[in-house]
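A closer look at the structure
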Amino acid sequence: MNLKFSGKSKKNFMLDLYKEKFKRLEIIVGKIFSLLPLTPNQWTLLSLIFALGVFYFLIKQKLIYATLFFFIASFLDFIDGAVARYKSVSTKLGAYLDTICDRYVEAILLLGMLFLPLPKIFLPKEIWIFLILFGSMMTTYAKSTAKEKELVIEELKGGILSRSERLFLFLLALISGIFNYQWMVYFLILIAILTNLSAIQRIMMAIKKIS
């Protein structure tokens, strides 16, 4: 991963800039799940139900089940878009709901982590969780505001940690927590740092567009 404030024309390893590599998998998933009587928006909303399951199992400190439910919630986030594109029923409302639900899923996950007996490493767990939530929010806000204020024509993409990588690191954090809560905190620290760096990157990208 590099830290250059660049677009697709330059080298960048972020997953959201290389979605074409997953196109074949997306088509297969879209074809399979489009056979079920659920609309893309219903798949999106279903992810919230599994996110609530994650919250419940985190409170109960059953990390194996929390990890499983989070994996399913994340996969549902992939299914909704795959089905919408396969059936050619993508809509602005669907994209809007998807973005909103993404934020809720992450917030519910982080809220549940507050109930875990995580050890203090440099700072209390509450601070690290807040920094993750803030960095995630600012990464999205920097992108949407840049377009809203007409600093850019197309949405900003890239950054050291976009949503795809963030979900992957959350999954690793949950898995590590099954064995050792201290390992889990190290992953949370990493996510907290990288999400805020990503927000700064996107802010700089927007500024660079008009400089």
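This section reports on the structure supplied with the text. (Residues numbered from 1 in each chain as written. Predicted model: local features only at pLDDT ≥ 70, side-chain atom pairs only at ≥ 80, totals over all residues. Heavy atoms only, no water.)

The end-to-end C-alpha distance of helix 6 (residues 163–179), which contains 17 residues, comes to 25 Å, matching closely the 24 Å that a straight helix rising 1.5 Å per residue would cover. For helix 6, the set of buried residues is Arg163, Glu165, Arg166, Leu167, Leu169, Phe170, Leu171, Ala173, Leu174, Ser176 and Gly177. (Helix = DSSP H or I, 4+ residues; strand = E, 2+ residues; numbered from the N terminus. Expected span 1.5 Å × (residues − 1). Buried < 20%, exposed > 50% of the residue type's maximum accessible area, 1.4 Å probe, protein only.)

In this model, Gln61 sits at a positive phi of 60°, which is unusual for a non-glycine residue. Along the chain, Gln61 falls in the loop between helix 2 (40–59) and helix 3 (63–86). With relative accessibility at 41%, the residue Gln61 sits in the partly exposed group. In this structure, Phe122 is a non-glycine residue whose phi angle is positive, near 70°.

Moving on to the nonpolar core. If you look at the biggest cluster of nonpolar residues, it comprises 33 residues, and the most contacted ones within it are Leu58, Phe70, Leu109, Met113, Phe170 and Met184. Going through the elements one at a time, helix 2, helix 3, helix 4 (92–113), helix 5 (125–148), helix 6 and helix 7 (181–210) are the ones with two or more residues in this core. Per-element accounting of this core gives the leading share, seven residues, to helix 7. Among all residues touching Leu58, those that are not within four sequence positions of it are Leu63, Ala66, Leu109, Gly112, Met113, Leu116 and Leu174. If you look at the next biggest cluster of nonpolar residues, it comprises six residues, including Val29, Trp43, Leu76 and Ile79. (Core = buried A, V, L, I, M, F, W, Y, C linked by side-chain atoms within 4.5 Å. Contact = heavy atoms within 4.5 Å.)

Time to look at the side chain of Lys125. Mapped onto the elements, Lys125 comes out in helix 5. Despite its burial, Lys125 pairs with no opposite charge; the closest candidate is Glu126, at 4.6 Å N-O. If we ignore the near neighbours within four places in the chain, the residues touching Lys125 are Leu114, Phe115, Leu116, Pro117 and Leu118. (Lys, Arg positive; Asp, Glu negative; His and termini not counted. Salt bridge = Lys/Arg side-chain N within 4 Å of Asp/Glu carboxyl O.)

Bringing the packing of aromatic side chains into the picture now. Counted under the stated rule, the structure contains seven aromatic pairs. Ring geometry for Tyr56 and Phe57: centres 5.2 Å apart, planes at 75°, overall edge-to-face. Here Phe130 and Phe134 contribute two aromatic rings whose centre-to-centre distance is 6.0 Å and whose plane-to-plane angle is 20°, an arrangement assigned as stacked. Pair noted here: Phe130 and Phe134 are both in helix 5, with a separation of four residues, about one helical turn. What links up through ring pairs into an aromatic cluster is the set Phe50, Tyr56, Phe57, Tyr65 and Phe69. (Phe/Tyr/Trp six-rings, centres within 6.5 Å; stacked < 30°, edge-to-face > 60°.)

Below, the discussion takes up the packing of helix 3 against helix 6. It is at 9 Å that the axes of helix 3 and helix 6 come closest, and there the two elements cross at 165°. Relative to helix 6, helix 3 is oriented roughly antiparallel. The element helix 3 and its partner helix 6 pack so that their crossing is left-handed. Here helix 3 contributes Leu63, Ile64, Ala66, Thr67, Phe70, Phe71, Ser74 and Asp77 to the contact with helix 6, which in turn contributes Arg163, Leu167, Phe170, Leu171, Leu174, Ile175, Gly177 and Ile178. Considered class by class, the residues forming the contact of helix 3 with helix 6 number 11 nonpolar, three polar and two charged. (Axes fitted to C-alpha atoms, helices over the stretch in contact; angles between N-to-C directions. Parallel < 35°, antiparallel > 145°, perpendicular 65-115°, else oblique. Left-handed = near helix turned anticlockwise from the far one by under 90°. Nonpolar A, V, L, I, M, F, W, Y, C, P; charged D, E, K, R; others polar.)

A cluster of nonpolar side chains, namely Ile64, Ile175, Ile178, Phe179, Trp183 and Tyr186, defines an oily patch on the protein surface of about 630 Å² accessible area. When contributions to the nonpolar patch are tallied by element, the ones reaching two or more residues are helix 6 and helix 7. For the nonpolar patch, the element with the most residues is helix 6, which contributes three residues. The residue Ile178 is located in helix 6 in this model. (Patch = residues over 30% accessible without salt bridge, like charges linked within 9 Å, V, L, I, M, F, W, Y side chains within 5 Å. Areas by Shrake-Rupley, 256 points an atom, 1.4 Å probe, with all protein chains shown as cover.)

So far we have only geometry, and geometry alone does not tell us how the molecule works.
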